[in-house]
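# Examination of the molecular architecture
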Amino acid sequence: MADAENKDRILRVMLKCNRKGAVNEILLDHAGIFSEKKVPVQIHEVISPDSLEALGDFWVQVTDQGMQEHIQLHVKYLNESLRFTFSGYLIHDNILLCGSTETAAVEKAMDEIMQIYSEQLNMIRLAEKKVKLAQSAKDNLGINGLMLNDFTELNNELINKQRELSRKNKEVNLLNSELQAARDSMEMFAYSISHDLKEPVRMVNAFMGRIKEQYEDRLDDKGKRYLGFALDGSLRLGNMIDDLLHFYRATNNSKQERVDLNEILAEVKVMLRRQLRERNARIFSDQLPVIAGNAVGLKQVFQNLISNALKFVPEKTVPEINISAVENEASFELRLADNGIGIDKSHYDEIFKLFKQLEHEKMKEGSGMGLAIVRRIVNHMGGKIWLHSEKGTGTTFYISLPK
Ligand code: ADP
C-alpha cells in the first residue's frame, strides 16, 4: 500500500557529493532511497545497473562543464527501479545532485531544492564565521584549544587569581609589619652594640695603651711583640664594630634627596686629609652631577673607595685617583680609577663579600667590609657597582645610579 502511494507521488532527492561520486550528505530523500544507507555512500550503489553508463557520462559532464541538466537515470527503489530525471551542478568542488520522478516538476523542484541548499549554505557560512571568530580569539589569547565558550572559564580563573592576589597582598602587608618590627629590634641591637659592646673594647684599648706607656720597657722582645698584637687586635675589633654599624645603617637610611656629588667629594677629601697628605696623593675630578640619592650613603661610598685607592698602592707609588662621570639616558655612571696594585679578575666578585680581604692584604688596616658596605648602599639606591682592573696597573670602579 505504502509502495503504491509512493509510486503515485512525485519523488525527489537532493544529494551533496564529492567529485568522485561519494554522497556525503543527503539533503532531501522523499522516497527513502537512502534510508537504509549510511553516508558516505557511492552514488552508483543506488543507480540501477542499466543506467550506470549514463551515470558515468553525466558525471563527466558535470565535473567538466560545471553543470548538466535533465538526464534520465534509473534508481534502485525497493525491488524495482524508478526513473528519475537528474540535474547536477558543480558548486565549490561539491556536486549538487537533484533528481525528480517527474520531468515537468524538475524546474519547480529545483527552485525548492536550491532554496533549501542556499539556506544550508548560509548556515554553513555562519558556522564558519563563528569558528573563525573563536579561532582568532583562541590565537589572541595564545591558549591552545581554547574555544569561545571557554571565556567563562577564563573569567572565573581571573576572578580566582584576583582573590589570590588580594590574599597575597594581605600576606605581604603582614610581612611588612613583621619586617618593620624586625627593623626596630635591629635598631635596638645596633644601639646596644654601639654603646654596650664598644665600651669594654674602648676600655681594653685604653688599658693596653697604658701598659704600653708605663710597662713596655720592663718587657722583653717577645712580650713587646705580644703587646703589639693585642693592641692591634683590640683596635681592629673597635673598627669592626664601627664598620658593622655602618653596614647596618647603609640599608636603613633610605632618605632620598638631591645630592651634589662635588660637595660630597669635597667633604670626603676633608675627612681623609691626613691619609691624603701622608701619601702626597692627588685626586683629579671632573664636574660631577647632582643626583637623587642619600647623602650619608654616598659619602660612605666615596670615602671607602678613595681610602682603598690610597691603601692598595705600592709604597713607592704616589697615589693618583681619577674621578669622572658619564651621563646616560636614565642613569649616571661614576668612575673612580686608581693606580694601585690592581685586583685579579678571579677576585672581582668576592671582594664585595662581607669581611672579605684578599690574602696578601690582610695586614693592611681594614675589616673587609668597605666594599660590602659600598655595594649595599649602591644597590639600595637602585644602582650597580662593578670594576675593571689590571694587576700592577690599577683598578677602576664603576657605579651606575638612576637619575
Ligand atoms: P678592606 O676593609 O680590607 O679595605 P674592602 O671590602 O674595602 O675591605 O676591600 C676588600 C678587599 O678588596 C681588600 O682587602 C683588597 O684586597 C681589595 N681591594 C679593594 N679595593 C682595592 C683597590 N682599589 N685596589 C686593590 N685592591 C683593592
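Quick look at the structure, then. It should be emphasised that the depicted structure is a prediction, and the values quoted were computed from it without experimental measurement.

## Quick look at the overall build of the protein
Scanning the protein from N- to C-terminus turns up nine helices and 13 strands. Looking at the 403 residues of the protein, the share that counts as buried comes to 36%. Of the roughly 25200 Å² of accessible surface on the protein, 53% is carried by carbon and sulfur atoms.

## Some thoughts on the sheet that holds strand β12 (residues 384–390)
Reading across the sheet, the five strands line up as β8-β10-β11-β13-β12 and stay open at both edges, with mixed pairing between neighbours. Unpaired on one side and paired on the other, β8 (282–285) and β12 mark the two borders of the sheet. Here the average twist between neighbouring strands, direction ignored, is 15 degrees. The pairing of strand β11 (residues 331–338) with strand β13 (residues 394–402) spans seven bridges and is antiparallel.

## Considering the site of the ligand
The ligand sits among 20 residues. The nearest are Asn308, Lys311, Asp338, Gly368 and Leu371. Lys311 has a polar side-chain atom sitting 2.7 Å from an oxygen atom of the ligand. In the model, an oxygen atom of the ligand is placed 2.8 Å from a nitrogen or oxygen of the Leu371 main chain. A total of 530 Å² of accessible area belongs to the ligand in isolation, and the protein chains cover 98% of it. Elements supplying a minimum of two residues to the shell around the ligand: α8 (295–311), α9 (370–380) and β13. Considered class by class, the residues forming the shell around the ligand number eight nonpolar, eight polar and four charged.

## Considerations on the packing of helix α6 (residues 261–271) against α8
The contact between α6 and α8 brings their axes to 9 Å, and the two run at 55 degrees. One way to sum up the angle between α6 and α8 is to call them oblique. In the crossing of α6 with α8, the sense of the turn from one axis to the other is right-handed. Contacts from Leu261, Ile264, Leu265, Glu267, Val268 and Met271 of α6 reach α8 at Ala295, Leu298, Lys299, Phe302, Gln303 and Ile306. Broken down by class, the residue content of the contact of α6 with α8 amounts to nine nonpolar, one polar and two charged.

## What about the nonpolar core?
Among the nonpolar cores identified, the biggest contains 41 residues, and Leu261, Phe302, Ile306, Ile323 and Phe397 are the most heavily contacted of them. In this structure Phe302 touches Leu261, Ile264, Leu265, Val268, Leu288, Ile323 and Leu334, once residues within four positions along its chain are discounted. In this structure, Val13, Ile43, Leu73 and Val75 belong to the second largest nonpolar core, which totals 25 residues.

## Considering the sheet that holds strand β2 (residues 22–29)
Ordered in space as β3-β2-β1-β6-β5-β4, the six strands form an open sheet in which the pairing is antiparallel. The open sheet is flanked by β3 (41–42) and β4 (67–77), the only strands paired with a single partner. Looking at chain direction, β2 and β3 are connected through two bridges and run antiparallel. Looking at the pairing, Ala22 lines up with Gln42 of β3.

## Description of unusual backbone geometry
Following Val39, the chain continues to Pro40 via a peptide bond in cis, the omega torsion being -5 degrees. Of note, His70 is a non-glycine position whose phi angle comes to about 55 degrees, a positive value. Examined against the element boundaries, His70 turns out to sit in strand β4. For His92, which is not a glycine, the phi torsion comes out positive at approximately 45 degrees. Take His92: it is sitting in the loop between β5 (80–91) and β6 (94–100). Take His92: its relative accessible area is 62%, and that puts it in the exposed class.

Rules behind the numbers
Residues numbered from 1 in each chain as written. Predicted model: local features only at pLDDT ≥ 70, side-chain atom pairs only at ≥ 80, totals over all residues. Heavy atoms only, no water. Helix = DSSP H or I, 4+ residues; strand = E, 2+ residues; numbered from the N terminus. Buried < 20%, exposed > 50% of the residue type's maximum accessible area, 1.4 Å probe, protein only. Areas by Shrake-Rupley, 256 points an atom, 1.4 Å probe, with all protein chains shown as cover. Pairing = 2+ DSSP bridges. Axes fitted to C-alpha atoms, helices over the stretch in contact; angles between N-to-C directions. Near = heavy atom within 4 Å. Polar contact = N/O pair within 3.5 Å; in protein donor to acceptor, adjacent residues only side chain to side chain. Nonpolar A, V, L, I, M, F, W, Y, C, P; charged D, E, K, R; others polar. Parallel < 35°, antiparallel > 145°, perpendicular 65-115°, else oblique. Left-handed = near helix turned anticlockwise from the far one by under 90°. Contact = heavy atoms within 4.5 Å. Core = buried A, V, L, I, M, F, W, Y, C linked by side-chain atoms within 4.5 Å.

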